[in-house]
Amino acid sequence: MPRRPIVKKEYTLGERVYLVEIAKGLRLTWKHFTFNVRASFRKGPHTVPTCWQYPEDRREIAPIFRGAHMLQLNDKGQELCVGCGMCARACPAKCITVKRGKPAEGEEDKYAGKTMCASFEVDMLRCIFCGNCEKACPKGALVLGQDYELAEYEPEKCIYDKERLLANFQRAKAEGRLKPPPKPIPVDAPPPKKKAAAGKAAKASASEKAAKGKAAAPKEAKKKDDKADKAKE
Amino acid sequence: MKFQAIQGEGWLLTKAEQLINWGRSRSPWPFPYGTACCGIELMCALASSYDMARFGAERVAFTPRQCDVLIEAGTITKKMVPVLKRIYAQMAEPKWVIAVGACACSGGVFRTYSTHQGIGSVIPVDIYVPGCPPRPEGILYALLKLIDKIEADHPLYKQRPKLVEALEATK
Amino acid sequence: MADWQIDLIKVVFIWVWVLLIAVIMTWVERRASAMMQDRLGPNRAGPFGLLQPLADGIKLFTKEDIIPERARKILFILGPPLFAFPVFSAFAVVPFGDKIVIGGKEIILQVSDVSIGFLYVLALSAIAVFGMVIGGWASNSKYSILGGLRATAQLISYEVPMGLALLTIVLLYGTFSLREIVLQQQGTFLGFLPNWGFFKQPLGFLIFLVAAYAEANRVPFDLPECESELVTGYHTEYGSMRLGLYLFGEYVNLVTLAAITVSLYFGGWGLPYVDMSKYLGPVAYGIASFLVFTLKQAFFLFLFVWVRWTVPRFRYDQLMGLGWKALIPLGLINLFVTALLVQLTI
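Residues numbered from 1 in each chain as written. Chains lettered and ligands numbered in written order. Predicted model: local features only at pLDDT ≥ 70, side-chain atom pairs only at ≥ 80, totals over all residues. Heavy atoms only, no water.

Participant: How would you sum up the sheet that holds strand β1 (residues 30-34) of chain B? Please name residues and give values.
Facilitator: All names here are of chain B. Read from one edge to the other, the open sheet built from four strands follows the order β1-β2-β3-β4, with strand pairing classed as parallel. Lying at the two open borders of the sheet, with one neighbouring strand each, are β1 and β4 (127-129). If you compare each strand with its neighbour and ignore which way they point, the axes differ by 15 degrees on average. Here five bridges tie strand β2 (residues 69-73) to strand β3 (residues 96-100), and the two strands are oriented parallel to one another. For Glu72, the partnering residue across the bridge sits in β3 and is Ala99. Helix-sheet contacts for helix α3 (residues 37-46) involve β1, β2 and β3, and the interaxial angle to β2 is about 130 degrees. (Pairing = 2+ DSSP bridges. Helix = DSSP H or I, 4+ residues; strand = E, 2+ residues; numbered from the N terminus. Axes fitted to C-alpha atoms, helices over the stretch in contact; angles between N-to-C directions. Contact = heavy atoms within 4.5 Å.)

See the structure below:
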């Protein structure tokens, strides 16, 4: 790309004296000042457009925001978590501890699956809110909600046990801030199987890899469809 | 008035404490100890969008002698621990510490040879803020919780054991 | 009422008034600078954050007082008062209004009308420089020393252009006393302009204003105390009320400089084309002149805040270059031209 010629511009005497520039700057600052002073006297929480006055004035959070965890219930009110521990395996910070257990005799209809989690602990102080646990969960039970006010006085209070995670879900449901189910990724049909010829070896291996990738994608899409169906149930 | 103040919470003492707590909680000058990514969110909390100056935290002091709140935002490596201890020691009483972010609270995802696993073992922390990084509103929520904690403090009443001892000695 | 009692009342009044203005100035600074930066300043402590300075004061009073172990104790303690009290006392010669008549006695609204006027103010700001450098040096920390030395160099080098601008004022009005200067600024000039020093001495006003910003350690000249450069410079090691005295002294310095600018260049307590003493009774006239002076002073105080958030700060060599290589020649040119004009018109 041709370079623009370097032009060495000397400052004129007017620019060196700088007074006109200062006056222009003062005018700009004055405009901001009067705009914001008038804005701050208007009624309503969000008057100055660039300042969100937390805690009264909260900003809109995107629906895919990854906040505090919650254990979801399905529409019948049954716990979705089966205690498989996939989330604990997937967590990069190793902050989830899951113990699988069998539901007690009379409580089988409290749980959607055949097993349940006897204890489920998330150490929020270690969590990096990546969302791997949410993606790894086969039942769509563990979900990162929209709660970001997580500060506590003691570190022990930041280890969320199962009750707290369920309570998070109830609170989010009451406020109408449930996470929408993840959208299934559209996938093309896999290409037809080709016989690997000598000259087309590279192309064939490439198409094999593509076929593998696309074979995994329908499985994932099916899994997500499962999750979506279960969450809808 | 004197006996009332020592034996229980007299009116003068409580009013004086309330005044002092009010003054201290309405102007928490922060020391932005931002070492890593949480420091960016801290800067965002101090900037125009989520103005922390509304709570009186306007004068961001870069010297520990003048600040009240040490906001520790970011990973602390083992090399940094003596520096952190020194800065905490240089701060003037009364002082508070907010540990912002996963790395400050517990080392976060970095369970390595060089990262110090949480500043709670080095300096006394008042508020822990989980998040990686926490939203600026999360940091402001922590500041609000700190303001509540300061308002519930008993700065004069802390001297009570010494005062009782002095009273017993005069008997 | 003996004379000394009236003077005592004036002293107490000025003391309270200057303290009040400095305190309100902290609030104005925070709110106005916030409004200019598209945000809101303190608005939780009291309505519109008006009690914020009170909260700051209470907090600074109840903080632990630290004297670093290796600091020179006596000088460390001496630094802040040496800075704050001279700038406070400089307000004694400022005429904040014309006379007020109470009980048949005419009282001029000025604590003391010494004949050396603003020379007294210059002398006191020179002592205030000592407060900065002693505070910085006694702290025994590298940032403090650097900040203190930079502040000193900056302040003494900007006292020269300030002195030159003031010298031109003396040439024009023939007196050092601030009250006489204000009295000579009533009426009109060239028929339609008010007889203010600003219209007679535009270059002198500019030089004085720039030198005043440098004397007050305000942006664009606040290198000795800004944060990104020197960790707050000479008040790095100060906490609690000593810091309070430094910060307070800065605001009082601003108030004094604004008052002097108004007295010398903007006609002090007089309204431009109106002679208020004809329309108002004696007591009302005194109060009205006081209000006019305060309004003009408020404009200049706001100008300090306004310029702070408009202009970036100078680098140290640019700062010194501006003082010595630009303002002093301009001041001398101003002096010669004014001398010539004064000689030709008398």
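Participant: I'd like a description of the packing of helix α8 (residues 202-215) of chain C against helix α12 (residues 316-345) of chain C, backed by residues and values.
Facilitator: Residue and element names in this part refer to chain C. Packing of α8 against α12 leaves a shortest axis separation of 10 Å and a crossing angle of 150 degrees. The orientation of α8 with respect to α12, classified from their angle, is roughly antiparallel. The hand of the α8/α12 crossing is left-handed. Residues Leu203, Gly204, Ile207 and Val210 of α8 lie in contact with α12, whose contacting residues are Leu322, Leu327, Leu330, Gly331 and Asn334. (Parallel < 35°, antiparallel > 145°, perpendicular 65-115°, else oblique. Left-handed = near helix turned anticlockwise from the far one by under 90°.)

Participant: Summarise the nonpolar core; cite the residues concerned and give the values.
Facilitator: With 100 residues, the main nonpolar core has C:Phe118, C:Met162, C:Phe208, C:Leu264, C:Tyr265, C:Phe300 and C:Leu301 as its most contacted residues. Sorting elements by how many residues they give to this core places helix α10 (residues 240-265) of chain C first, with 15 residues. With 52 residues, the next largest nonpolar core counts A:Leu71, A:Leu73, B:Ala61 and B:Cys67 among its residues. (Core = buried A, V, L, I, M, F, W, Y, C linked by side-chain atoms within 4.5 Å. Buried < 20%, exposed > 50% of the residue type's maximum accessible area, 1.4 Å probe, protein only.)

Participant: So what about the domain arrangement of chain A? Which residues, and what values?
Facilitator: Partitioning chain A into structural domains gives domain 1 (11-58) and domain 2 (69-175). One C-alpha centre belongs to domain 1 of chain A, the other to domain 2 of chain A, and the line joining them spans 47 Å. (Domains from an automatic or database assignment.)

Participant: Explain the side chain of A:Ser40 to me, using residue names and the numbers behind them.
Facilitator: On the secondary structure map, A:Ser40 appears in helix α2 (residues 19-40). Take A:Ser40: its relative accessible area is 18%, and that puts it in the buried class. A polar side-chain atom of A:Ser40 sits 2.9 Å from the main-chain carbonyl oxygen of A:Val37. In contact with A:Ser40, not counting residues within four places along its chain, are A:Thr47, A:Val48, C:Met35 and C:Leu40. (Polar contact = N/O pair within 3.5 Å; in protein donor to acceptor, adjacent residues only side chain to side chain.)

Participant: Got a sec to walk through the confidence of the model for chain C? Specific residues and values, please.
Facilitator: Interpreting fine coordinate detail is not advised for predicted regions of low pLDDT. Residues and elements named next belong to chain C. Chain-level statistics for chain C give a pLDDT mean of 86 and a share of 97% at 70 or above. Across chain C, element-level confidence peaks in α8 with a mean pLDDT of 92 and bottoms out in helix α9 (residues 227-230) with 52. For this predicted complex, the interface score ipTM comes out at 0.86, alongside a pTM of 0.84. (pLDDT = per-residue confidence, 0-100.)

Participant: Lay out empty space enclosed by the protein in plain terms, naming residues and giving numbers.
Facilitator: Going through the model one piece at a time under the given rule, you end up with five cavities of 30 Å³ or more. Empty space within the largest cavity amounts to approximately 150 Å³. Forming the boundary of the largest cavity are 19 residues, of which C:Val121, C:Ser125, C:Met162, C:Asn253 and C:Leu257 lie nearest the centre. Listing elements by their share of the lining of the largest cavity, those giving two or more residues are α3 (73-89), α4 (118-138), α5 (142-173), α8 and α10 of chain C. Among the elements that line the lining of the largest cavity, the one with the most residues is α4(C), at six residues. A breakdown of the residues in the lining of the largest cavity according to their chemical character gives 15 nonpolar, three polar and one charged. Counted as a void, the second largest cavity has a volume near 100 Å³. Forming the walls of the second largest cavity are 14 residues, and the residues nearest its centre are A:Cys81, A:Cys84, A:Cys87, A:Phe120 and A:Cys137. A breakdown of the residues in the lining of the second largest cavity according to their chemical character gives eleven nonpolar, two polar and one charged. (1 Å grid on protein atoms, 1.4 Å probe; cavity = no way out; pocket = protein on both sides within 12 Å on 5 of 7 lines; lining within 4 Å. Points joined across faces, edges and corners; volume = space filled by probe spheres on them. Nonpolar A, V, L, I, M, F, W, Y, C, P; charged D, E, K, R; others polar.)

Participant: Describe the interface of chain B and chain A, with residues and values.
Facilitator: With 31 residues of chain B at the contact, the number on the chain A side is 27 residues. Contact between chain B and chain A buries roughly 2,600 Å² in total, counting both sides, with carbon and sulfur atoms accounting for 60%. Taken as a group, B:Tyr128, B:Pro130 and B:Arg135 account for 23% of the area that chain B buries against chain A, more than any other trio of residues on that side. Across the chain B-chain A interface, the total number found is zero salt bridges. Element by element, the count of residues in the side of chain B that touches chain A is highest for helix α6 (residues 136-151) of chain B, at nine residues. Its residues placed into classes, the side of chain B that touches chain A shows 14 nonpolar, eight polar and nine charged. (Buried area = accessible area lost by both parts, 1.4 Å probe. Salt bridge = Lys/Arg side-chain N within 4 Å of Asp/Glu carboxyl O.)

Participant: Just give me the short version of the side chain of C:Glu237, but keep the residues and values in it.
Facilitator: Here C:Glu237 is to be found in the loop between α9 and α10. One polar contact links C:Glu237 to B:Arg65, side chain to side chain, over a distance of 2.6 Å.

Participant: Describe the packing of aromatic side chains, naming the residues involved and giving the relevant values.
Facilitator: With the rule as written, the count across this model stands at 32 aromatic pairs over all chains. Relative to C:Trp306, the ring of A:Trp30 lies with its centre 5.2 Å away and its plane at 45 degrees, an arrangement referred to as tilted. You can see A:Trp30 sitting in helix α2 and its partner C:Trp306 sitting in helix α11 (residues 282-308), one on each of two chains. Residue A:Trp30 is classed as partly exposed on the basis of its relative accessible area of 37%. Look at C:Trp306 and you get buried, because its relative accessible area is 13%. With 5.3 Å between their ring centres and 55 degrees between their planes, C:Trp17 and C:Phe290 make a pair best called tilted. Pair noted here: C:Trp17 is in helix α1 (residues 3-36) and C:Phe290 is in helix α11, with a separation of 273 residues, a long-range link. Taking the relative accessible area as the measure of exposure, C:Trp17 reaches 22% and is therefore partly exposed. Given the relative accessible area of 13%, C:Phe290 is considered buried. (Phe/Tyr/Trp six-rings, centres within 6.5 Å; stacked < 30°, edge-to-face > 60°.)

Participant: Describe in detail the sheet that holds strand β3 (residues 116-123) of chain A, supporting the description with residues and values.
Facilitator: Residue and element names in this part refer to chain A. Pairing is antiparallel in the open sheet, where three strands are placed in the order β2-β3-β5. Of all the strands in the sheet, just β2 (96-101) and β5 (159-160) have a single pairing partner and so form its edges. Strand direction decides the pairing type here: β2 and β3, joined by six bridges, are antiparallel. Residue Ile96 lies in a different strand from β3, and its bridge partner there is Val122.

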